[in-house]
Amino acid sequence: MIDNLLDSAKQVLNNNFQPKGFSIPCEGLYPFQWNWDSGFIAIGLCHYDFEKAKSEVKTLLDAQWSNGFIPHIVFHNESDSYFPGAEFHKSELSPYAPKDNKTTGLTQPPVLGFVLEEMYHIHKNKDEVLAFVKNHIDQVFNCHKHLYEHRDPKNEGLVYIYHNWESGTDNSPMWDEIWETMTDIPTYEFERRDTSHVDASQRPSNQEYNYYLHLIEIAKAHNYEDAKITELSPFLIQDPLFNAMLIKSNQALINLYEIIGGETEKINTLKAWNMLSKKSFNDKLYDKELKAYIHYDLRNDKPLKYVSSSSFSPLFAGVPDVDRAKEIIDNLMTVFGKEEFYLCASFDPDSDKFNPKKYWRGPVWVNLNWIVYNGLKSYGYNELATRVKNETIELITKNGFYEYFDPRKEVHKDGNGGYGGSNFSWSAALLIDLLKKEN
Ligand code: GLC
């Protein structure tokens, strides 16, 4: 049974691996290389094909901008099945963009630091994997440096995102409040492609796409210059998931530099970043009433008081102390862990905005479950971690390697509870990792 699952997962990854050495998230809906997808995919690949795992990371880093920025999509190839493509994003407007790779001017949660560390632990030949880490670790460090230097205008140790597509949780109800602040924006003419692959009722509306495009147009009008984005973007959010990934990756870089040796200055810088980041995270992004980490709207200077699966990601980065960890885990169980739900819904099931079918508004995602699982384990909540792991395996076994899953158990009786893209790479890759882990 487990062997069958592992074989099917490898099959998905093999099919999605492209001749140019990177993986697409899935056919049709996502025909290019996505940043954090590639990170998760590399973890899965590393369990059985180190060459492919290296290539996954390398092809992404090849598209790094000269200022350290790592883009959210790399358009290695032409495809008309996705909008907005390279000709909309026009990364060439930025003097820092690479000449030989077309990319977006957006980024995604910075996972590469901990991905390198995972690869280091997974791959048996330590000399081989360390040689790879040595070749690329500075690139990841430079990416973090860019984030702290250009996306933290108040020097709080909390970096902002300027677009919902940078959050990774693209369609979260969180962003509704921001769209309401964006009045008087032009109406763009465009042709959606996502709705020809996936049921339109599970996707954002055209008006929402209008907001998404407008944010990019502002950045493009200023050649993706960070200072202008800070000054002008109506969307400036300190996102707990994005910042937790950064903190976790900082720690991973510290651990790896210590193994490599001789990089005291970089280690000290990383430690200083993490000390400030963790402090501000706890001071500013923790809501004592909700008992959860939340998002902060930096543009309008106010907290966004919603609980989502992102609220639990700081466990993975070691942000809360043990008392606070207990408080948020109790909350996780009360709100998200009810008998009738699989863990972990992407949005508060008690909220009016919860939608079990619409992407990031309720469905379970394998990557967030993987983050929550590892977070729970690191605080010693092994039983609960095992529940998250087993439920993730069950969802995939019942439905297949979907992009996301309905959290309501009743829906899964007929195996029709998987939505979005099918044969989705990170669902397969992280399943491999979960199956290979002891518990
Ligand atoms: C969706 C997800 C995003 C992911 C992308 C490619 O847009 O919201 O997190 O990276 O698909 O899989």
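The coordinates are above.
Residues numbered from 1 in each chain as written. Predicted model: local features only at pLDDT ≥ 70, side-chain atom pairs only at ≥ 80, totals over all residues. Heavy atoms only, no water.

A.B. asks: What's the story with the overall build of the chain in this structure? I'm lost.
C.D. replies: A tally of regular secondary structure across the chain gives 16 helices and 11 strands. Since a compact globule built from 439 residues should have a radius of gyration of about 22 Å, the 20 Å found for the chain is in line with a globular shape. With the principal axes as the frame, the chain shows a C-alpha extent of 55 × 50 × 45 Å. In the chain, buried positions account for 64% of the 439 residues. Across the chain, the fraction of contacts at a sequence separation of at least 24, relative to all contacts at a separation of at least 6, is 71%. Accessible surface, the chain as shown: approximately 16,700 Å² in total, 46% of it carbon and sulfur. (Helix = DSSP H or I, 4+ residues; strand = E, 2+ residues; numbered from the N terminus. Rg over C-alpha atoms; globule rule 2.2 N^0.38 Å. Buried < 20%, exposed > 50% of the residue type's maximum accessible area, 1.4 Å probe, protein only. Contact = heavy atoms within 4.5 Å. Areas by Shrake-Rupley, 256 points an atom, 1.4 Å probe, with all protein chains shown as cover.)

A.B. asks: Is there a simple way to explain the pattern of salt bridges in this structure?
C.D. replies: Applying the stated rule across the entire model yields 26 salt bridges. In this structure, the salt-bridge partner of D330 is K326, at a minimum N-O distance of 2.8 Å. Of this pair, D330 and K326 both sit in helix α13 (residues 322-336), four residues apart, which is roughly one turn of the helix. Taking the relative accessible area as the measure of exposure, D330 reaches 37% and is therefore partly exposed. As a salt-bridge pair, R387 and E391 come within 2.8 Å of each other at their nearest N and O atoms. Residue R387 and its partner E391 are located together in helix α15 (residues 382-399), separated by four residues, close to a single helical turn. Classification of R387 by relative accessible area gives partly exposed; the value is 22%. Take E391: its relative accessible area is 9%, and that puts it in the buried class. Beyond isolated ion pairs, a larger network of salt bridges with shared partners links D176, E208, K353 and R361. (Salt bridge = Lys/Arg side-chain N within 4 Å of Asp/Glu carboxyl O.)

A.B. asks: What is the right way to read empty space enclosed by the protein from this model?
C.D. replies: If a probe the size of a water molecule is rolled over the atoms, the empty space left behind becomes visible. Summed over the entire model, instances satisfying the criterion amount to four cavities of 30 Å³ or more. In this structure, the largest cavity spans a volume of roughly 260 Å³. Forming the walls of the largest cavity are 25 residues, and the residues nearest its centre are Y30, W34, D170, Y359 and E403. In terms of residue class, the lining of the largest cavity is made up of 14 nonpolar, five polar and six charged. Around the second largest cavity, the lining comprises 13 residues; the ones closest to its centre are N35, I70, P110, V111 and C143. Top contributing element to the lining of the second largest cavity by residue count: helix α6 (residues 126-150), with four residues. Class assignment of the residues belonging to the lining of the second largest cavity gives a composition of nine nonpolar, four polar and no charged. (1 Å grid on protein atoms, 1.4 Å probe; cavity = no way out; pocket = protein on both sides within 12 Å on 5 of 7 lines; lining within 4 Å. Points joined across faces, edges and corners; volume = space filled by probe spheres on them. Nonpolar A, V, L, I, M, F, W, Y, C, P; charged D, E, K, R; others polar.)

A.B. asks: So what exactly am I meant to see when it comes to the environment of E166 here?
C.D. replies: Here E166 lies in helix α7 (residues 164-167). E166 sits in the buried class, given a relative accessible area of 0%. Spatially, the C-alpha atom of E166 lies 9.9 Å from that of P110, the residues being 56 residues apart in sequence. In this view, E166 contacts L106, T107, Q108, P109, R151, I161 and F242; residues no more than four positions away in its chain are not counted.

A.B. asks: Is there a simple way to think about the layout of surface pockets in this case?
C.D. replies: Considered as a void within the structure, the largest pocket measures approximately 230 Å³ in volume. Lining the largest pocket are 13 residues, and of these N77, E78, S79, A86 and E87 lie nearest its centre. Classifying every residue of the lining of the largest pocket gives five nonpolar, three polar and five charged.

A.B. asks: Would you mind showing me how to read the site of the ligand here?
C.D. replies: What surrounds the ligand is a group of 13 residues, the closest being D37, Q108, G168, D170 and W360. Interatomic distance of 2.6 Å between a backbone N/O atom of G168 and an oxygen atom of the ligand. One of the side-chain N or O atoms of D170 is found 2.8 Å from an oxygen atom in the ligand. Isolated, the ligand exposes 310 Å² of accessible area, and the fraction of that covered by the protein chains is 98%. Placement of the ligand is best described as lying within the largest cavity. (Near = heavy atom within 4 Å. Polar contact = N/O pair within 3.5 Å; in protein donor to acceptor, adjacent residues only side chain to side chain. Sits in = over half its atoms within 2 Å of the grid points.)

A.B. asks: I keep staring at unusual backbone geometry and nothing clicks. Help me out?
C.D. replies: Peptide bonds are, in most cases, trans, and in most cases residues other than glycine have a negative phi. Of note, the bond from F83 into P84 is cis; its omega dihedral lies within 30 degrees of zero at 0 degrees. Relative to the helices and strands, P84 is located in the loop between β2 (73-75) and α4 (86-89). Going from L343 to C344, the amide bond is cis rather than trans, its omega being 0 degrees. Counting through the fold element by element, C344 comes out in the loop between α13 and α14 (366-378). The phi torsion at N223 lies on the positive side, around 50 degrees, for a residue other than glycine. If you trace the backbone, N223 turns up in the loop between α9 (206-221) and α10 (226-232).

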